[in-house]
Structure formats: C-alpha cells, structure tokens
There are 2 protein chains.
Amino acid sequence: MDTSVSRTLFSQRANQLTSSAIREILKITERPEVTSFAGGLPSPAGFPVPELRAAFDKVLATQGATALQYGRTEGYTPLREWVAQDLSRPGLTIDPEEVLIVSGSQQALDMLGKLFIDEGSPVLVEAPSYLGALQSFSQFQPEYRAVPTDALGLVPDALSDDLVRDARFIYVLPNFQNPTGLTLDQARRQALVERCARAGLPIIEDDPYGELRYAGEPQPGLLELGRPVGATVIRLGTFSKVLAPGMRLGYVVAPRHIISKLVQIKQATDLHTASVTQMAVYEAVRSGFLREHLPKVRELYQRQCGYMLDALQEYFPSDAHWTRPEGGMFIWVTLRDSIDTTQLLQAAIQRNVAFVPGAPFYAVNAPTNTLRLSFVTVPEDRIRAGVRTLGELIGPAPARG
Amino acid sequence: MDTSVSRTLFSQRANQLTSSAIREILKITERPEVTSFAGGLPSPAGFPVPELRAAFDKVLATQGATALQYGRTEGYTPLREWVAQDLSRPGLTIDPEEVLIVSGSQQALDMLGKLFIDEGSPVLVEAPSYLGALQSFSQFQPEYRAVPTDALGLVPDALSDDLVRDARFIYVLPNFQNPTGLTLDQARRQALVERCARAGLPIIEDDPYGELRYAGEPQPGLLELGRPVGATVIRLGTFSKVLAPGMRLGYVVAPRHIISKLVQIKQATDLHTASVTQMAVYEAVRSGFLREHLPKVRELYQRQCGYMLDALQEYFPSDAHWTRPEGGMFIWVTLRDSIDTTQLLQAAIQRNVAFVPGAPFYAVNAPTNTLRLSFVTVPEDRIRAGVRTLGELIGPAPARG
C-alpha cells in the first residue's frame, strides 16, 4: 500500500529525463544471435588482462592499506604525475596540479555541466556530437547551439559572433569523432583555437580515441595549439580505450582555476575515484607498457575497420556515403533522404542486425537518414553478413529520373 | 598569456562553491606529529586486505574480460542480488530490481539531489547533519529546513505541517549519526515513518554505520518500518565501513519508480560503477565473509570508543557534555556557550591536535560551541594525550556565581 508514490515530487530535470535510445537498443542486442554494430564497447581482445591482474595484485600485496583507504579528491599523485608527463611535449608542459583524476570521461562531462551550465545557458556542440555528452549536459538544461559541420567536420569559420555570444563553452571531439569518425585537420584546429581565444570561449576537447590512430598523420591537440594563443582548453582523456573501460578511469587537464572548482565539485559528487583502480592502473602504465600494448590495439581496430569498409563498398547502394576513419571505433553513414534510419533499425532487428540511428546524436534539427556503425567487436564474417543484410534492407539507389 | 581566464563564465552553483572546512583541516592534519580526531576515515586495521587481494585476483583470473568491460548502469547483477538478500528479513523482502549500485554513498547523495531538488526546493535535514550530504544537496540550491533535535536525536513530533509543506524529502541518519553519534530509538523511528507516510514525504535513510553496532540493541531500519505504513523510504548503504572505502562502492535501495529515474541519472553521471571492484567485492562477501569479519571491526571500534570516553571523563571540564555512541565512529561534544570551537581549533592545531568544529554540520543557525571527535584511527596513548590537551585549552568550568 505504497500510497505516497504518486505524491513524490521530482526535480524538473528528473521529469525531463528520457531513457537513452542507445541504451534501450543495447538491451535488445544482448541476445547472442544479434550482430550488433550498435555498441560503443571496445574490443575485449584488446584488454591487457594478465598485466592488469598482476598490477592489482602488486598494489594490494605491497600497499593494501593505502589502496583500500579514502584518497585525495584530486586523484592518486603518481598517476596525476604520469598523466602530466605523458601529455607534455616540446612546447607543452603539463603540471600535475593541472590534472584531475575522474571516474571515466563521462564523469568529467557531468562535472563540467555542473561547473558551467545554468538553466538556459548557451553551449556549443558539434552536429552531430557524442550522445553521452548531450545526456550529461542536458541534466543542467542548457540552450544548445549546433556548430555547423561539413564533410571534414566542424567549420571554425561558421562560429559567428551570434553563435558564440554568452556561450559557456564549445564541446569538440577532434579525433575520430563519436559518432562520425571524422578528424579535424590542422588548419581547422588552428582556426578553432584562435577563434575561441578571441571570443573568450572555453573549449572542452574530448579525446577518448586519440591513441587509437591507425591511418593518416597525428594532429596536434587543441590543448597544445590553444595555449600559445590564449585559449582556455579543458582536455578530457580516459584509460577506457587504451587499457579497459571496466575500471572507470579518466582525467581532466585544465588551468588551475578550473581544476580547483572541479575538485570542489568532485568532492560533493563522489569524494574521489577508487584508490585501488588508480593505483593498479598507475602500476600497469608506469613502466611504459602502453608503448608495447597500443600498437596491438591499433592493428586490431584497423583490421576490423577494413572489414567494414570493404563490406560497405560491396553491399551498400551507390547513393550511400560513409566516412573513412583514421582511428577509433565508428563509421558514419548517410543514406538517401527518403530512408528513415529509425524505421530501418526496426526492420534490421527483425533480421538480427543492430546499429544506432543518427538522430539522437543531434542536439537540435536531427536529420533522419544517418546511422552509426561500430566495427570493433564483431568478427569479420558477421560484419560482412550484417552489412549485407543492411544493404538489402536499404535497397539499391533509385534509377535517375 | 591566458587572457581569457577572467572571461570564463561559471554556473551560479559553481560560483557559490566553497571548500569544505573538513577538507582544509585534513590537509593540515596530514603531518604525522598531529593527533587528528578530525578524520572520518575508518581504521585500516579493519581492512581485510588478504581477502580482497584474493578476490581481485580470482575475478581477474577467471572473468577478466567481463571485469574490465563496460557494465550495466544498474550494477553487477550478482552483487545487487546479494544486497537484496542481505537486507531482506522476515516481513521485509527486497527485490534485486530495487537495488542500484553506486560509487560510494556520496554518489547516491549527489544523484538524489539531482532527482529531487530544483533551485529553492525545501528539503529537511537534521540539525546537525552529515556535512557531505549538505555539500551534495547544496549543489542544487535547495531551501534547507532544519528538523528539531534533542538529546535523543531527531524529534518526529516537531515535524509540523509548515515544516513538511512542499518539502522534497527528509534526510536522516538513524544509527550512530554523523556527526552526533546518536541513535534514534524505536518509538521515534515508528513515529517518523508514520508522519512521513501521512505527509507523502520521502525519507532518505543513510546508514553507513549500521553494521558497526557495538553496544545497545539493534533497531529496525526506517525501510523496514516504513513499508508497512506506506512511507517512501530510500535506503543508502555502503561497503566503505564494513570492508574498505578505497573501492568506492555503495548502494541505493528504493521503490522501482525511483530506481528507474536514478539509473537514468547515473547513466548521465558516470555510466556505471567500476565492474572490477563490484565483482571483487561480490567475490569477497558471497561466502559469508562479513559474518566473521564484522565482529572484529566492531570490537576494534568499541575499544577505541572506550579509550576516548574514558579520556573525556578524565580531562574535559564538568560543564562539557558528550554523546555515548552505540556504534560508528564519532562522539559529539557540547561545550559551554562561551567557547567558540573554531577558535579552539586554531589553538589546538598549535599544539598538534585536530578535530572538526560543529558549525559546518548545521545547514542553518549553527551554534559555535560544538565539536566532533573521531576515535577510530588514533592509538590509545595519543587519544589520552590529545583529549588532555583539548581539556587544558577549554579550561575548567567557571565557578558558579
């Protein structure tokens, strides 16, 4: 007789919550007979299980009481030092005090929403952008403004005075973007940081996949380009894709006055990130293990990407377009205007194939003819069969009139 | 030439953030020569290091790919089942679907703030209450209303219609409260849940220390008492005090319509709590290990509590009053009105003794003559010496006029 249920008063933000489209789809696609291109999961074939097992064991054997005790909100000092050193390069020195350890990049997005967004605050996001970021920011009810993009990604020249006026930040994924797989070239990066510096607009540079480049030339990060021109760049990184996501470990690099606020927010949010996982990851990476490990992950992902690009070439209609990522996990497909990919998904699920329709990745004005394909966890034969099924459902390009 | 710094626009909530008093004090008290009664850290002597080391190793040896992969937002299913079973008793059946795993209780407080609080929403808190909860809730800018308390804790009869009107929830720590160490008796618990059921006021029952009872009779939880009378009770628990805090693992038990909203919030907040720590804790507790382990922790804490009560009796002036906790980690001291404990702290730090002044634990109308003492991590001789120093600084009770 829980009579009080109907009287529970939730906050406005809670009343506006809706379940993630990706999340609901992933529930359906947990069945083993489904070939899922929907997931954002990295390949477990890339997880260094023995190395992490040894790292946890060493930490608990030699520093058990520290690993199991409360820790500093800022993060485990040696790990902060490692991150600072790993990101520093000629012309860019990161101080450990500019590093905050977080429980995965997603937590950084939540905390940055808390830091910057009042109800109705304008924020700039790419069109399309990472769905998880939109979900985090939406908790704080911003006014989204879409940054125009073209086939090469974000267009810095389109950042008009009207677009940036009173905006709290611009959120950008410059490498192998989620969901498009696109990488910003150096000229656009330079133009972007200069434009943001002039406008006093902070840049959130989310770079979960940067270390997973398997083609093309590495590009300088926005943090590296932004500092000399006076841009405020907040860089997000994660161990989810270079080691494993199940530890929930990421970091924020930002100017000290921002780190200082984020530390206060993190204290109120979850006190600190687990000590034992921070220490184990530090133990795993301190000896330079990633230098041997990452080439294997890149090679795996490049091979998987190739399987899917080949299959798309073979089975998708001639009027479909898709990106050719230089790294990361995703290919973005644009179909003819008459195809609604949400309807396509319903048909695909009937034939045990799944993907994510593109619409939820747009904060505003979503087109209905795009979709995201993840290629990293599916075996080659199932990639071919799954893409073939999608190609059949889409059907050939209509004959020209 | 970071010229843009001064133009960064933070949210109102970020501009209102202030650093935690406890946090700043803890920084000072990290010096080994300081005897600190300020901490809220459990004793590492109570951490089952070998058992947790074995649990991590088993999980990574046998289920490494799962432990390192993304997991469900709701939490690791066997751990949710364990929590449900552990809390169920005759007359109270908890379903695993009513359990959400979180990254420590602090995260639950943050998420409950998101769920319930709009700017200006009335929320009810004990006077005094847990500082970390006040910090979490304050992020969402509620209007605090203090629930009147007396020497036995919260006074249910004082929950007038005016006090509860439009309130979003009441936040209560019924066992060995932080900071007072007080435990609500059964009659007050019953009166509280009945009053809240009538008012349709959700109760957040925070019980981090419930398993650490070393004196008196166990009391039924608010969840157990509340369900039969139709109260909405949201129960928070944690592994921080029964195992170890450095894993950041806690849980929420609540009706499904609330869990469902919290899952959506958690997805936007940090996706999920680390898989590897959830699986290791499940591995450690599944065989009933806590039944052997908890009596040792209780005995340790009881002994430590006794050292401090003895020292207070011996060294504190006759006009000081303090609580006699039946469990947990804290003793609450009330001094004569003329003593300002913030000033007392300054003097104590000069003599290498630290504690937490009581004022920050009050959401409104803080008295200045209270303080919190934690006794669990300090050796007996240092407890005696530290309390003696504090007694000297406070000075004897003034002669009656």
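The numbers attached to residues start from 1 for each chain and follow its sequence in the written order. Think of it this way: whatever chain is written first is A, whatever ligand is written first is 1, and the rest follow in order. It should be noted that, the model being predicted, local features are given only for residues of pLDDT at least 70 and side-chain atom pairs only at 80 or more, the latter also being counted only at that level, while totals for whole chains, interfaces and linings use all residues. Excluding hydrogens and water, the side-chain values take into account all heavy atoms of the structure.

Turning our attention to the overall build of chain A. Only DSSP runs of H or I reaching four residues or more are called helices, and only runs of E reaching two or more are called strands; each is numbered from the N terminus. Within chain A one finds 14 helices and 15 strands. Only C-alpha atoms enter the radius of gyration, while the globule expectation follows 2.2 Å times N to the 0.38, with N the number of residues. Expected size for 401 residues packed as a compact globule is a radius of gyration near 21 Å; at 22 Å, chain A falls within 12% of this value. Across its three principal axes, chain A shows a C-alpha extent of roughly 70 × 65 × 50 Å. Sequence separation of at least 24 residues holds for 75% of the intrachain contacts in chain A that already meet a minimum separation of 6. Only carbon and sulfur atoms are counted for the fraction: they give 48% of the accessible area of chain A, which is about 14800 Å². Note on charges: Lys and Arg go in the positive column, Asp and Glu in the negative column, and His and the chain ends are not counted at all. By convention, the point assigned to a charge is CZ for Arg, NZ for Lys, CD for Glu and CG for Asp. Here chain A contributes 39 positively and 43 negatively charged side chains, and the mean placements of these two sets differ by 2 Å. Contacts are assigned to residue pairs with any non-hydrogen atoms lying within 4.5 Å of each other. Only the protein chains shown count as cover for residues, and the accessible areas themselves come from Shrake-Rupley with a 1.4 Å probe.

Residue and element names in this part refer to chain A. We call two strands paired when DSSP finds no fewer than two bridges between them. If you walk across this open sheet you meet the 4 strands as E11-E12-E15-E14, and the pairing is antiparallel. Each edge of the open sheet is held by one strand with a lone partner, namely strand E11 (321-322) and strand E14 (356-357). In this sheet, strand E15 (residues 370-374) lies alongside E14 in antiparallel orientation, the contact comprising 2 bridges. Across the sheet, the residue bridging to Pro-357 is Leu-371, located in E15. Axis definition: a line fitted to C-alpha atoms, limited for helices to the stretch in contact. Angles are taken between N-to-C directions and run from 0 to 180 degrees. With respect to the sheet, helix H12 (residues 289-315) is in contact with E11, strand E12 (330-334) and E15, its orientation differing from that of E12 by roughly 15°.

Looking now at the interface of chain B and chain A. Contact with chain B, which involves 89 residues of that partner, is made by 89 residues of chain A. We define buried area as the total accessible area lost by two parts upon association, computed with a 1.4 Å probe and summed across both. Summing both sides of the interface, chain B and chain A together bury roughly 7500 Å²; the carbon and sulfur share of this comes to 55%. For salt bridges, the criterion is a side-chain nitrogen of Lys or Arg within 4 Å of an Asp or Glu carboxyl oxygen. Applying the counting criterion to the chain B and chain A interface returns 4 salt bridges. Two residues, Arg-53 of chain A and Asp-57 of chain B, come together in a salt bridge whose shortest N-O distance is 2.9 Å.

Residues and elements named next belong to chain B. Strands sit in the order E2-E10-E9-E8-E7-E3-E4 across an open sheet of 7 strands; the sheet is mixed. A single partner strand is all that each edge strand has here, and the edge strands are strand E2 (99-102) and strand E4 (143-147). Pairs of neighbouring strands in the sheet enclose a mean axial angle of 20°, with direction left out of account. With 2 bridges connecting them, strand E3 (residues 122-126) and strand E7 (residues 170-172) associate as parallel partners. Paired with Val-125 across the bridge in E7 is Tyr-171.

What follows covers the domain arrangement of chain A. All names here are of chain A. Its domain assignment divides chain A into domain 1 (5-47 + 291-394) and domain 2 (49-289). What counts as a domain boundary in this text is fixed by an automatic or database domain assignment. Here domain 1 and domain 2 have C-alpha centroids that lie 24 Å from each other. Across the domain 1 to domain 2 interface the summed buried area is about 3100 Å²; carbon plus sulfur atoms make up 62%. For the pair domain 1 and domain 2, the interface holds 2 salt bridges. Residue Arg-298 pairs with Glu-211 through a salt bridge whose shortest N-O separation is 3.6 Å. Each polar contact in these results corresponds to two N or O atoms within 3.5 Å; when the atoms are within protein, one needs to be able to donate a hydrogen and the other to accept it, and residues that are neighboring in sequence are counted only if both atoms are side-chain atoms. The tally of links from domain 1 across to domain 2 stands at 19 residue pairs in polar contact (both at pLDDT 80 or more). Elements with a contribution of two residues or more to the side of domain 1 that touches domain 2: helix H1 (12-15), H12 and E12.

Our next topic: helix H3 (residues 49-67) of chain A. Expected span, for any helix, means 1.5 Å times one less than how many residues it has. With 19 residues, H3 of chain A should cover 27 Å at 1.5 Å per step; its first-to-last C-alpha distance of 20 Å lies more than 12% under that length. A residue's bend is simply the angle between two axes: one fitted to the seven residues ending at it, one to the seven starting at it. At Ala-61 of chain A, H3 of chain A shows its largest kink, close to 70°. Accessibility here uses a 1.4 Å probe with only protein chains present; expressed as a share of the type maximum, an area under 20% marks a residue as buried, one over 50% as exposed, and anything in between as partly exposed. Of all the residues in H3 of chain A, the buried ones are Val-49, Leu-52, Ala-55, Phe-56, Val-59, Leu-60, Gly-64 and Ala-67 of chain A. Contacts from the buried residues of H3 of chain A go to helix H11 (275-285) of chain A together with helix H3 (49-67) and helix H11 (275-285) of chain B.

All right, on to the confidence of the model for chain A then. A residue's pLDDT is the confidence the predictor assigns to it, expressed on a 0 to 100 scale. The pLDDT averaged across chain A works out to 93; a share of 96% of its residues lies at or above 70. Segment residues 1-6 of chain A: pLDDT under 50, and 14 contacts once partners within four positions in sequence are set aside and those in other chains are kept.

Pairing of aromatic side chains requires ring centres within 6.5 Å, counting the rings of Phe and Tyr and the six-membered ring of Trp. Pairs whose planes differ by under 30 degrees are stacked, by over 60 edge-to-face, and all others tilted. The tally for this structure, following the rule as stated, stands at 23 aromatic pairs over all chains. Where Trp-332 of chain B meets Tyr-362 of chain B, the ring centres are 6.3 Å apart and the plane angle is 50°; that geometry is what we call tilted. Separated by 30 residues along the polypeptide, Trp-332 of chain B in strand E12 (residues 330-334) and Tyr-362 of chain B in the loop between strand E14 (356-357) and strand E15 (370-374) bring together distant segments of the chain. Like Trp-332 of chain B, the residue Tyr-362 of chain B is buried in the burial classification. An aromatic cluster is built from Phe-10 of chain A together with Phe-116, Phe-137, Phe-169 and Tyr-171 of chain B, whose rings are joined through pairwise contacts.

Here the focus is the relation of the copies chain B and chain A. Under the fitted operation, chain B is carried onto chain A by 0.0 Å of movement along the axis and a turn of 180°, and the coordinates agree to an RMSD of 0.0 Å. Given the turn and translation reported, the copies of this chain are related as if by a two-fold rotation axis. Identified as the residue of chain B closest to the rotation axis by C-alpha distance is Asp-57 of chain B, at 3.3 Å. Taken together, the interface assignments show that 100% of the residues at the interface of chain B recur at the interface of chain A, consistent with an identical surface on both copies. We superpose the copies by least squares over the C-alpha atoms of residues that have a pLDDT of at least 70 in both of them.

Residue and element names in this part refer to chain B. Two elements in contact, helix H5 (residues 105-116) and helix H10 (residues 256-270), have axes separated by 10 Å at closest approach and are oriented at 110°. In terms of their interaxial angle, H5 and H10 are classed as roughly perpendicular. Residues Gln-107, Asp-110, Met-111, Leu-112, Lys-114 and Leu-115 of H5 lie in contact with H10, whose contacting residues are Ile-258, Lys-261, Leu-262, Ile-265, Lys-266, Thr-269 and Asp-270. Angle categories: roughly parallel below 35 degrees, roughly antiparallel above 145, roughly perpendicular from 65 to 115, and oblique for all the rest.

Throughout the structure, instances matching the rule amount to 46 salt bridges over all chains. The shortest N-O distance in the salt bridge between Asp-110 of chain A and Lys-114 of chain B comes to 2.5 Å. Here the residue Asp-110 of chain A occupies a position in helix H5 (residues 105-116), and Lys-114 of chain B occupies one in helix H5, the pair thus bridging two chains. Each member of the pair, Asp-110 of chain A as well as Lys-114 of chain B, carries the same accessibility label: buried. Here Glu-283 of chain B ties to Arg-286 of chain B by a salt bridge, and the two come within 3.4 Å at their closest N and O atoms. A relative accessible area of 15% means that Glu-283 of chain B is categorised as buried. Take Arg-286 of chain B: its relative accessible area is 46%, and that puts it in the partly exposed class. Where salt bridges share partners, they join Lys-58, Glu-283 and Arg-286 of chain A into one cluster.

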